[in-house]
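For reference, the chains in residue letters:
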Amino acid sequence: MAIFSVYVVNKAGGLIYQLDSYAPRAEAEKTFSYPLDLLLKLHDERVLVAFGQRDGIRVGHAVLAINGKDVNGKYTADGKEVLEYLGNPANYPVSVRFGRPRLTSNEKLMLASMFHSLFAIGSQLSPEQGSSGIEVLETDTFKLHCFQTLTGIKFVVLADPRQAGIDSLLRKIYEIYSDFALKNPFYSLEMPIRCELFDQNLKLALEVAEKAGTFGPGS
C-alpha cells in the first residue's frame, strides 16, 4: 500500500503545494546497440515509444534517462535533443531507461484547476443542499481523496485503493497546515507553501500512515 501524492489547492483553484511520493514505477532499463530497435516519437514535449514492445518496455512509455542521467522532456541532461542523440551511431552502445511519463509542473497546475471546477460542479449537482462536494474519486489503480476546509482550502491525497485511514490522514494534514503554515508569520494566505517545518511534519505523517496502513485511532 502507498500514498502517491499530496496537493493543497487554494479557494481559487490554484495549486499552492505538492508533494510527490511515487510508488515504485514499472520501469525498464536496457543497453542498446545501433540501430535502436524501437520506434520513438515526440509527443507533448516527451519522447515516447510508438512501436516495438520488449523486455518490459511498453508502447506509451517515455524515455526517462540515458546512461543513468535523467532526461528533461525531449532533452538529455546536457541539453541535446533525445531523438537526435539516439539517432547518432557514435553514441552507442547506450543505456536507456523507460517508464510511464511523469506529469510536468504545468500539467499539475492544470489538473488542480480542473479538479477545483469539478468539485464546484459536484456540489451544485448534488440533490442535497449543503453538499461537501467530491470527497473520493476511485479508479482501478488509485483513489483521489479530498477534504475541503471551511475557508475553501482543499487537501487532496492520491493513494493506493487499498490504503486505509486516508480520512484521518487528511485531517492530520490540515492540522499540520494550521500549525506550521498558518502560524508562520512569513506565510501569506492563498500563496504557495514554502515552510520547512510543514514539509518535515507532512513527510513524517505520510511515513507513519504508509507503515501502519492506517492513520490514527478510528481510521
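Quantities reported herein were computed from a predicted structural model and do not represent experimental measurements. (Residues numbered from 1 in each chain as written. Predicted model: local features only at pLDDT ≥ 70, side-chain atom pairs only at ≥ 80, totals over all residues. Heavy atoms only, no water.)

### Remarks on the overall build of the protein
A tally of regular secondary structure across the protein gives four helices and eleven strands. Principal-axis analysis of the C-alpha atoms gives the protein an extent of 60 × 40 × 35 Å. Counting across all 219 residues of the protein, residues that qualify as buried make up 40%. Put simply, of all contacts in the protein between residues at least 6 apart along the chain, 57% involve residues at least 24 apart. Side chains of the protein give 23 positive and 25 negative charges; the mean places of these two sets differ by 2 Å. (Helix = DSSP H or I, 4+ residues; strand = E, 2+ residues; numbered from the N terminus. Buried < 20%, exposed > 50% of the residue type's maximum accessible area, 1.4 Å probe, protein only. Contact = heavy atoms within 4.5 Å. Lys, Arg positive; Asp, Glu negative; His and termini not counted. Charge placed at Lys NZ, Arg CZ, Asp CG, Glu CD.)

### As for the sheet that holds strand β1 (residues 3–9)
The antiparallel open sheet is built from five strands, whose spatial order is β2-β1-β11-β10-β9. In this open sheet, the two strands that pair with only one neighbour each are β2 (15–20) and β9 (136–138). Strand after strand, the sheet turns through a mean of 10° between neighbouring axes, direction not considered. Helix-sheet contacts for helix α3 (residues 166–182) involve β1, β10 (143–148) and β11 (154–159), and the interaxial angle to β11 is about 135°. (Pairing = 2+ DSSP bridges. Axes fitted to C-alpha atoms, helices over the stretch in contact; angles between N-to-C directions.)

### A word on the pattern of salt bridges
Per the counting criterion, the structure on display carries ten salt bridges. One salt bridge connects R54 with D37, and the closest N-O pair in it is separated by 2.1 Å. Here R54 is found in the loop between β5 (46–51) and β6 (62–66), whereas its partner D37 is found in the loop between β3 (28–32) and β4 (39–43), with 17 residues between them in sequence. Among the ionic pairs, D70 bridges to R97, the shortest N-O distance being 3.0 Å. With D70 in strand β7 (residues 69–70) and R97 in strand β8 (residues 94–99), the pair connects residues that are 27 residues apart, well separated along the chain. (Salt bridge = Lys/Arg side-chain N within 4 Å of Asp/Glu carboxyl O.)

### Thoughts on α3
Between its first and last C-alpha atoms α3 spans 22 Å; for 17 residues at 1.5 Å apiece the expected length is 24 Å, and the two agree. Of the residues making up α3, those classed as buried are I166, L169, L170, I173, I176, Y177 and A181. Tucked into the core, α3 has its buried residues touching β1, β10, β11 and α4 (196–212). (Expected span 1.5 Å × (residues − 1).)

### Focus on the layout of surface pockets
One number sums up the size of the second largest pocket: a volume of about 310 Å³. Lining of the second largest pocket is provided by 16 residues; of these, R46, V71, N72, G73 and R102 occupy positions nearest its centre. At the level of secondary structure, the elements contributing two or more residues to the lining of the second largest pocket comprise β5 and β6. It is β6 that provides the largest number of residues to the lining of the second largest pocket, a total of three residues. Among the residues forming the lining of the second largest pocket, the class breakdown is eight nonpolar, three polar and five charged. (1 Å grid on protein atoms, 1.4 Å probe; cavity = no way out; pocket = protein on both sides within 12 Å on 5 of 7 lines; lining within 4 Å. Points joined across faces, edges and corners; volume = space filled by probe spheres on them. Nonpolar A, V, L, I, M, F, W, Y, C, P; charged D, E, K, R; others polar.)

### Observations concerning unusual backbone geometry
A cis geometry characterises the amide bond from Y34 onward to P35, with omega recorded as 0°. Cis peptide bonds are those with omega within 30 degrees of zero, and the linkage from Y92 to P93 qualifies with 0°. Here the phi dihedral of D44 falls at roughly 55°; this positive angle occurs in a residue that is not glycine. Tracing the backbone through its elements, the reader meets D44 in the loop between β4 and β5. Even without being a glycine, E190 presents a positive backbone phi close to 75°.

### Some words on the packing of aromatic side chains
Between two aromatic rings, the relevant description is the distance of the centres plus the angle of the planes. Taken as a whole and judged by the stated rule, the model has seven aromatic pairs. Seen from their ring centres, F155 and Y174 are 5.7 Å apart, and the 45° between their planes marks the pair as tilted. Residue F155 is located in strand β11, and its partner Y174 is located in helix α3; the two are separated by 19 residues in the primary sequence. Using a relative accessible area of 0% as the deciding quantity, one classes F155 as buried. Within the aromatic cluster, the residues linked to one another by ring pairs are F147, F155, Y174 and Y177. The ring of F119 carries K154 above its face, with NZ or CZ at 4.8 Å from the centroid. (Phe/Tyr/Trp six-rings, centres within 6.5 Å; stacked < 30°, edge-to-face > 60°. Lys NZ or Arg CZ within 6 Å of the ring centre and 35° of its normal.)

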